[in-house]
Amino acid sequence: MTPELMIKACTFYTGRLVKTHFCSWRDIAIPLTNEDDELAEKIERAMKYNNFRLQKYVFRLWHSYVKGQKKQLTDTLSQVQKMLHCYKLTAILTKWRDKARLKYKKREDELILKHELQLLKWRNNLKLKVAANGESIFPEPSLSKVSLEGNIPECDISLLPQRAVSQIFFYLSLKDKIICSHVCHSWMLMTQASSLWNGIDFSTVKNIITDKYIVSTLQRWRLNVLRLNFRGCILRLKTLRSVSLCRNLQELNVSDCPTLTDESMRYISEGCPGVLYLNLSNTIITNRTMRLLPRHFHNLQNLSLAYCKKFTDKGLRYLNLGDGCHKLIYLDLSGCTQISVQGFRNIANSCTGIMHLTINDMPTLTDNCIKALVERCPRITSIVFIGAPHISDCAFKALSTCNLRKIRFEGNKRITDACFKFIDKNYPNISHIYMADCKRLTDSSLKSLSPLKQLTVLNLANCIRIGDMGVKQFLDGPVSIRIRELNLSNCIHLGDASIMKLSECCPNLNYLSLRNCEHLTDLAIEYVVNIFSLVSVDLSGTNISNEGLMTLSRHKKLKELSLSECYKITDVGIQITDSAMEMLSAKCHYLHILDISGCVLLTDQMLEDLQIGCKQLRILKMQYCRLISMEAANSMQEYNPGDPPLWFGYDYEGKPLTRQHEIPPPKNVEWTVTESTHSSQEEVV
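Residues take numbers from 1 onward in each chain, read along the sequence in its written order. Where totals are concerned, whole chains, interfaces and linings use all residues; where local detail is concerned, this predicted model gives features only for residues with pLDDT of at least 70, and gives and counts side-chain atom pairs only at 80 or more. For the side-chain quantities, the full set of heavy atoms in the structure was used; hydrogens and water were omitted.

A. Structural view of the overall build of the protein chain. Each helix is a run of DSSP H or I of at least 4 residues and each strand a run of E of at least 2, with the numbering of both proceeding from the N terminus. Across its full length, the protein chain carries 22 helices and 19 strands. Out of the 685 residues belonging to the protein chain, those deemed buried represent 39%. By definition, residues are in contact when any of their heavy atoms lie within 4.5 Å. Once local pairs closer than 6 in sequence are excluded, the contacts in the protein chain between residues at least 24 apart make up 72%. In this description, accessible areas are obtained by the Shrake-Rupley approach with a 1.4 Å probe, and a residue is regarded as covered only by the protein chains that are shown. As displayed, the protein chain offers around 39,500 Å² of accessible surface, 56% of which is attributable to carbon and sulfur atoms. Note on exposure labels: buried denotes an accessible area under 20% of the residue type's maximum, exposed denotes more than 50%, and partly exposed covers the range between, all computed with a 1.4 Å probe on protein chains only.

B. The arrangement of the pairing of strand β9 (residues 406–410) in detail. Burial within β9 is extensive, with four of its five residues counted as buried. Two strands qualify as a pair provided that DSSP identifies no fewer than 2 bridges between them. Relative to β9, strand β8 (residues 382–386) is paired through five bridges, and the arrangement is parallel. Bridge assignment links I383 to a residue of β9, and that residue is I407. With the strands aimed away from the viewer, a crossover counts as right-handed if its path from the first strand over the helix to the second runs clockwise. Since β8 and β9 lie parallel, the crossover through helix α13 (residues 393–398) that links them has a hand, and here it is right-handed. Across five bridges, β9 lies against strand β10 (residues 432–436) in parallel orientation. Directly across from R408, in β10, lies its bridge partner Y434.

C. Geometry of the nonpolar core. Think of a nonpolar core as a cluster: buried Ala, Val, Leu, Ile, Met, Phe, Trp, Tyr and Cys residues, connected wherever their side-chain atoms sit within 4.5 Å. L228, F230, I433 and M435 are the most contacted members of the largest nonpolar core, which totals 131 residues. Once you skip the residues sitting within four places of it in the chain, M435 turns out to touch F396, I407, F409, I415, F420, L441, N459, L460, A461 and C463. L610, C614, L620 and M622 belong to the second largest nonpolar core, which has 14 residues in total.

D. Here's a closer look at the packing of aromatic side chains. Note on ring pairs: Phe, Tyr and Trp rings are taken, using the six-membered ring of Trp, and paired if centres are within 6.5 Å. Classes follow the plane angle, with under 30 degrees stacked, over 60 edge-to-face and the rest tilted. Across all of its chains, the model carries eight aromatic pairs by this definition. Relative to Y171, the ring of F170 has its centre 5.6 Å away and its plane inclined at 80°; by these criteria the two rings are edge-to-face. Pairwise contacts between aromatic rings join F385, F396, F409 and F420 into one cluster. Distance and angle both matter: a charge sits over a ring if NZ of Lys or CZ of Arg is within 6 Å of the ring centre and within 35 degrees of the ring normal. Over the face of the ring belonging to Y267 we find R241, whose NZ or CZ atom lies 4.2 Å from the ring centre.

E. A look at helix α8 (residues 262–271). Those residues of α8 that fall on the buried side of the exposure criterion are D262, S264, M265, I268, S269 and G271. Buried positions along α8 lie against α7 (237–241), β3 (251–253), β4 (277–279) and α9 (287–296).

F. Quick peek at the pattern of salt bridges. Throughout this description, the term salt bridge denotes a Lys or Arg side-chain nitrogen within 4 Å of a carboxyl oxygen of Asp or Glu. All chains considered together, the criterion is met by 12 salt bridges. Between R231 and D256 there is a salt bridge, and its shortest N-O distance comes to 3.3 Å. With R231 in the loop between β2 (227–229) and α7 and D256 in the loop between β3 and α8, this pair connects stretches of sequence that are 25 residues apart. For R231, a relative accessible area of 47% puts it in the partly exposed group. Accessibility expressed as a relative area gives 27% for D256, which makes it partly exposed.

G. Representation of the confidence of the model for the protein chain. As a per-residue quantity, pLDDT reports the predictor's confidence and falls between 0 and 100. Overall, the predicted model of the protein chain reaches an average pLDDT of 82, with 83% of residues at or above 70. Overall, residues 135–153 carries pLDDT values under 50, and its contacts beyond four positions in sequence, including any with other chains, amount to 38 contacts. Here residues 659–685 is modelled with pLDDT under 50, and outside its nearest four sequence neighbours on either side it reaches 54 contacts, counting other chains as well.

H. The pairing of β10, seen in detail. Extensive coverage of β10 is indicated by the burial of five of its five residues. Judged by which residues are buried, β10 turns out to be covered on both faces: H432, Y434 and A436 on one side and I433 and M435 on the other are all buried. As paired elements, β10 and strand β11 (residues 457–459) share three bridges and run parallel to each other. What sits directly across from H432, in β11, is V457.

I. Expanded view of the side chain of S334. Position of S334 relative to the elements: it lies in the loop between β6 (330–332) and α11 (341–350). Reaching out from S334, the side chain makes a polar contact with the backbone nitrogen of N360 at a distance of 3.0 Å. Look past the residues within four positions of S334 in its chain and what remains in contact with it is A306, Y307, T358, I359 and N360. Pairs of N or O atoms within 3.5 Å make up the polar contacts considered here, provided that, within protein, one atom can donate a hydrogen while the other can accept it, and that residues adjacent in sequence are counted only when both atoms are side-chain atoms.

J. Region of the structure containing α11. What α11 keeps buried is the set G343, F344, N346, I347, A348 and S350. If you follow the buried residues of α11, they end up packed against α10 (313–317), β6 and α12 (367–374).

K. Structural detail: the packing of helix α18 (residues 496–505) against helix α19 (residues 522–529). Each axis is a line fitted through C-alpha atoms, taken for helices only over the stretch in contact, and angles between the N-to-C directions span 0 to 180 degrees. Two elements in contact, α18 and α19, have axes whose closest approach is 8 Å; the angle formed by their N-to-C orientations is 10°. Relative to α19, the element α18 is oriented roughly parallel. Note on element contacts: α19 touches α18 through L523, A524, Y527 and V528, opposite D496, I499, M500 and S503. Of the residues belonging to the contact of α18 with α19, the class tally is six nonpolar, one polar and one charged. For this classification, under 35 degrees means roughly parallel, over 145 means roughly antiparallel, 65 to 115 means roughly perpendicular, and everything else is oblique. Residue type decides the class: Asp, Glu, Lys and Arg count as charged, Ala, Val, Leu, Ile, Met, Phe, Trp, Tyr, Cys and Pro as nonpolar, and the leftover types, Gly among them, as polar.

L. Focus on unusual backbone geometry. Positive phi values are uncommon outside glycine, yet D361 reaches one of about 50°. Mapped onto the elements, D361 comes out in the loop between β7 (356–358) and α12. On the basis of relative accessible area, D361 is assigned to the partly exposed category, the value being 40%.

M. Inspection of the packing of α11 against α12 at higher detail. Interhelical geometry of α11 versus α12 gives an angle of 20° and a closest axis separation of 7 Å. When the axes of α11 and α12 are compared, the pair comes out roughly parallel. As α11 packs across α12, the resulting crossing turns out to be right-handed. For the pair α11 and α12, the contacting residues are V341, F344, R345, I347 and A348 in the first and N368, C369, A372 and L373 in the second. Left-handed is the label given to a crossing in which the near helix is rotated counterclockwise from the far helix by less than a right angle, and right-handed is the label when the rotation is clockwise.

Shown next as structure tokens:
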């Protein structure tokens, strides 16, 4: 054993001995840990953790509660502020209304005073003029329908320039021209001007004229005749053959002629190749006539085959023969229920230039028919489908390839708001929309129409689902600037809010119909007066009263007003006396038509005032005016001195009737004040 190994052995032994004794010492010196304290400590830590979680849960509940209470407090405060704001606005509006009424009353008083001064000045000037001329206070009669005394001054029409004479005779019917030709030799010469025989309308004298006269007339003026109208005339074949003598004929109407046959059309087509307009509606033509159209009428532009039941799809295929009818731009197929999808496909192949299409009273018309037609006719700009119940939104989708400007549907229950969903993209240039009595249209349709910048006429009568919200959304778009005619009759959910929006957004609105919108009140009339461009308004069946009628009288441009079935308007609202008529005579010098029927307080003085002031008056109606004497009304065309009907609501003295005598007015009676004829654009389509 070496010394090194001995040292290592001693060191190892000494280390183990120290370790053994140290462990024994440690066990004796350090007491054992109390297990109960450790358990208590663990329990304490567990309780602290549990309490923390419980506090956290309670805090979350409290936080949510406080947050909800704070939000509720904020909402309550906001509602209180709104109520306070509304109260302030109500107070301000009340003060403004009182001041406006006071100002209006003051202005009315000033206006009445001004009118009285003008009337007094007019009377004085009239007296001075009469005194200076030494004439009677009543000049010679100048009314065409009213003449109180004197004779009609003589006028030799032959002394007028030839152009003026032609213009006068141009407005006469064929019967009147014949009568004038028998007056004297000079009148006969005036009726023989060639320009007066460019257009001859035999339909007005179809019951009295003879075939012999028709033949002689056509033979005499065959080179001058451009337009012929035989609508409803029962003519012989020889008479119809004489039409072929008019080589320059451009327009021919033989609709409703029961004697028109394919044979007579053969003679007409061979002799009149320049016809542009041809109306064959409600005749018994067959496929033989359809074969003649493309062969002879190469320039035909307007063709009506409405209610012609004898031709078939094969006849429509003939339109593509020869040069075809490729210049045709207007086609009317109303009532031709025998046409199938193939027939419309034949039309599309033959008449690719159609622009105006009318198909009314066609229960067999389907979406497939429209699809077949528009495949080859992309130039269609206007369509009229009245009485086509099977047309749906799919037809609108098919028509998106055309540049539509006018559409008209009535009584369709399958068209929904979906047809207008992309109308601003598919038909950006559309100007006329007539969708009357389409029950499934709602406010969404009006919202879709609001982006249209070219829309001028909109008719949604009898669309009962439309309300104030739809009108508001419609007028918020650029469409409100150009809209000129708006028909919302029987839209029963409309209220005064819609009219307020109209007055704010429609500066060019001319025609407005709100018939049977029963929620409209006198407040709406305040807004109607602010639509300064209005010339015609229909308020029949609304709740307008006498106060609203007085407000409406402030409108300066209104020419036509309908107030039928407005039962809140009493005799106070429509009373008229001699003083009112005197004012009318002094101000309305260009009045042409006047109806004062039922104005029982008028006397003969009214006629004298009208004769002096309204020199251009043409028609005067005076039904139930007992105080006007028979002598003063001898030459009146419409005069009745009897008692007013019971439904007028007052007797011949103007006193209200007792309840047992009152009966409601008939439904077809309208109280209308008209200065000029309303030319609605619904007939343009």
